[in-house]
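Topology and contacts: notes
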Amino acid sequence: MRNPVGPLPSSIYWRRRAVLASVVALLALLAVWTVSSGGGKSSTNGKGGDKGPDPVASITPGPAGTGPAISQAPGGRAESGGGAGKNGEPGGTPGTAAGAGSGSAGSGAGGGGGTGGSTSQVPADSPLPTCAPSGLQWEVKSVKNEYETSEKPRLELVARNVSGTTCKVDLGPKQAVLTILQASTSKAVWSSSDCPSGAGNAFFRVPAQGETKQSLEWDRKFSAADQCQTPPAGSAAPDTYVVEVKSPGMPVARTSFVLKQD
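Residues numbered from 1 in each chain as written. Predicted model: local features only at pLDDT ≥ 70, side-chain atom pairs only at ≥ 80, totals over all residues. Heavy atoms only, no water.

**Details of the side chain of serine 223**
Of note, serine 223 is situated in the loop between strand E15 (211-218) and strand E16 (239-246). One polar contact links the side chain of serine 223 to the main-chain amide nitrogen of serine 191, over a distance of 3.0 Å. (Helix = DSSP H or I, 4+ residues; strand = E, 2+ residues; numbered from the N terminus. Polar contact = N/O pair within 3.5 Å; in protein donor to acceptor, adjacent residues only side chain to side chain.)

So this is what it looks like as structure tokens:
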């Protein structure tokens, strides 16, 4: 092996051996490079492999608020909103709205001159759970934009249950107060909290994804907390009037209407 045998000089045989060895080494290096650079890859067709990065975590919304306090501009255009819970609904009992009471125009809805109605009242100790504030929404609206001199303004108070559980809401005058203010003076002319004669609490059943509605008809008479036996004389003048429903710790729901001149 070390001393080649043949007709040519031994240096030629050694050169041939060196060339052959170089070719073999080059082929071996090429094979190793091919395997290491491409042979070990695999396609995932758009899917992450077992050792790939973790999928991006889904983003969930934050906790729900108490709901918008729904309000209306004259005749039903919304202005603002607010959620309402057991301490935030307009008061009422069957045959009343926004707190039972008596006034110059007969019984109903708190201070003088209001009458109304509602349904689905349940006892205070009903096994139904009390609606959570985050699961309720309020709306107060006027049936019409404007009222002629012979018409009595009619209001509607709606409590909506946006949760998936049937529950009860307290719409009594101790929990919600409906007030009518004259816009030009910002003076309250009527309130459901003036001289209530019925119970301070009134619970109503609200089905899941349903609502309970109360109506109130105002006879344009005034009310005053210190004049229950002899309500203030006179009646509301032509003007714009703002209706507010308030409850401790809850946003205010508003609407408005116009009493027209002759």
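This is not the end of the story, as more comes after the structure.
**Examining the sheet that holds strand E11 (residues 167-170)**
Strand order in the open sheet formed by three strands is E7-E14-E11, with antiparallel pairing between adjacent strands. One side of each edge strand has no neighbouring strand; the edge strands of this open sheet are strand E7 (121-122) and E11. Judged from the two bridges that link them, E7 and strand E14 (residues 203-206) form a sheet pairing that is antiparallel. Bridge pairing links glutamine 121 to phenylalanine 204 in E14. (Pairing = 2+ DSSP bridges.)

**Side note on the pattern of salt bridges**
In total, this model carries 10 salt bridges according to the counting rule given. We note a salt bridge from glutamate 211 to arginine 160, for which the minimum N-O separation is 3.1 Å. With a gap of 51 residues between them, glutamate 211 in strand E15 and arginine 160 in strand E10 (residues 154-161) connect regions that are remote in the sequence. Of the residues examined, glutamate 211 reaches a relative accessible area of 39% and is grouped as partly exposed. In this structure, lysine 246 engages glutamate 244 in a salt bridge whose closest nitrogen and oxygen atoms are separated by 3.6 Å. (Salt bridge = Lys/Arg side-chain N within 4 Å of Asp/Glu carboxyl O. Buried < 20%, exposed > 50% of the residue type's maximum accessible area, 1.4 Å probe, protein only.)

**Focus on the state of the cysteines**
By the definition in use, this model includes two disulfides. Paired through a disulfide, cysteine 131 and cysteine 167 show a sulfur-sulfur distance of 1.9 Å. Between cysteine 131 and cysteine 167, the S-S torsion sits near 95 degrees, and that sign places the bridge as right-handed. With cysteine 131 in the loop between E7 and strand E8 (136-142) and cysteine 167 in strand E11, the pair connects residues that are 36 residues apart, well separated along the chain. (Disulfide = S-S within 2.5 Å.)

**What to know about the nonpolar core**
Core analysis: the biggest nonpolar cluster contains 19 residues, and Leu178, Ile180, Trp218, Tyr241, Val245 and Phe257 have the highest contact counts within it. Listing elements by their share of this core, those giving two or more residues are E8, E10, strand E12 (177-182), strand E13 (187-191), E15, E16 and strand E17 (253-259). Look past the residues within four positions of tyrosine 241 in its chain and what remains in contact with it is Ile180, Leu181, Gln182, Ala183, Val189, Trp218, Ala236, Thr255, Ser256, Phe257 and Leu259. Core analysis: the next-biggest nonpolar cluster, separate from the first, contains eight residues, Leu136, Cys167, Ala202 and Phe204 among them. (Core = buried A, V, L, I, M, F, W, Y, C linked by side-chain atoms within 4.5 Å. Contact = heavy atoms within 4.5 Å.)

**Focus on the packing of aromatic side chains**
Working definition: an aromatic ring pair is given by the centre-to-centre distance plus the angle between the planes. On inspection of all chains with the given rule, the structure shows four aromatic pairs. Ring centres of tryptophan 218 and tyrosine 241 lie 5.8 Å apart, and the angle between their planes is 65 degrees; this geometry places the pair in the edge-to-face category. Separated by 23 residues along the polypeptide, tryptophan 218 in strand E15 and tyrosine 241 in strand E16 bring together distant segments of the chain. A relative accessible area of 1% places tryptophan 218 in the buried class. The interplanar angle of 20 degrees and the centroid separation of 5.9 Å between the aromatic rings of tyrosine 241 and phenylalanine 257 together place this pair among those described as stacked. (Phe/Tyr/Trp six-rings, centres within 6.5 Å; stacked < 30°, edge-to-face > 60°.)

**Here we look at the sheet that holds strand E9 (residues 146-147)**
Taken together, five strands build an open sheet; the order of strands is E9-E17-E16-E12-E13 and the sheet is mixed. Each having just a single partner strand, E9 and E13 make up the two edges of the open sheet. Pairing of E9 with E17 involves two bridges; the strand directions are parallel. Bridge assignment links tyrosine 147 to a residue of E17, and that residue is leucine 259.

**Topic: unusual backbone geometry**
Notably, serine 186 is not glycine yet its phi reads approximately 60 degrees, a positive angle. Within the secondary structure layout, serine 186 lies in the loop between E12 and E13. Here the phi dihedral of glutamine 209 falls at roughly 60 degrees; this positive angle occurs in a residue that is not glycine. Along the chain, glutamine 209 turns up in the loop between E14 and E15.

**Overview of the environment of serine 163**
Assignment of secondary structure puts serine 163 in the loop between E10 and E11. On the basis of relative accessible area, serine 163 is assigned to the partly exposed category, the value being 25%. Through-space distance from the C-alpha of serine 163 to that of glycine 135 is 4.9 Å; in sequence the pair is 28 residues apart. When near neighbours in sequence (up to four residues on either side) are disregarded, serine 163 contacts Gly135, Ala208 and Gln209. At a separation of 2.6 Å, a polar atom in the side chain of serine 163 contacts the side chain of asparagine 161.

**Quick notes on a nonpolar patch on the surface**
A contiguous nonpolar patch, built from Val19, Val23 and Leu27 and spanning about 280 Å² of accessible area, is present on the exposed surface. Looking at the secondary structure, you find leucine 27 in helix H1 (residues 10-39). On the basis of relative accessible area, leucine 27 is assigned to the exposed category, the value being 55%. (Patch = residues over 30% accessible without salt bridge, like charges linked within 9 Å, V, L, I, M, F, W, Y side chains within 5 Å. Areas by Shrake-Rupley, 256 points an atom, 1.4 Å probe, with all protein chains shown as cover.)

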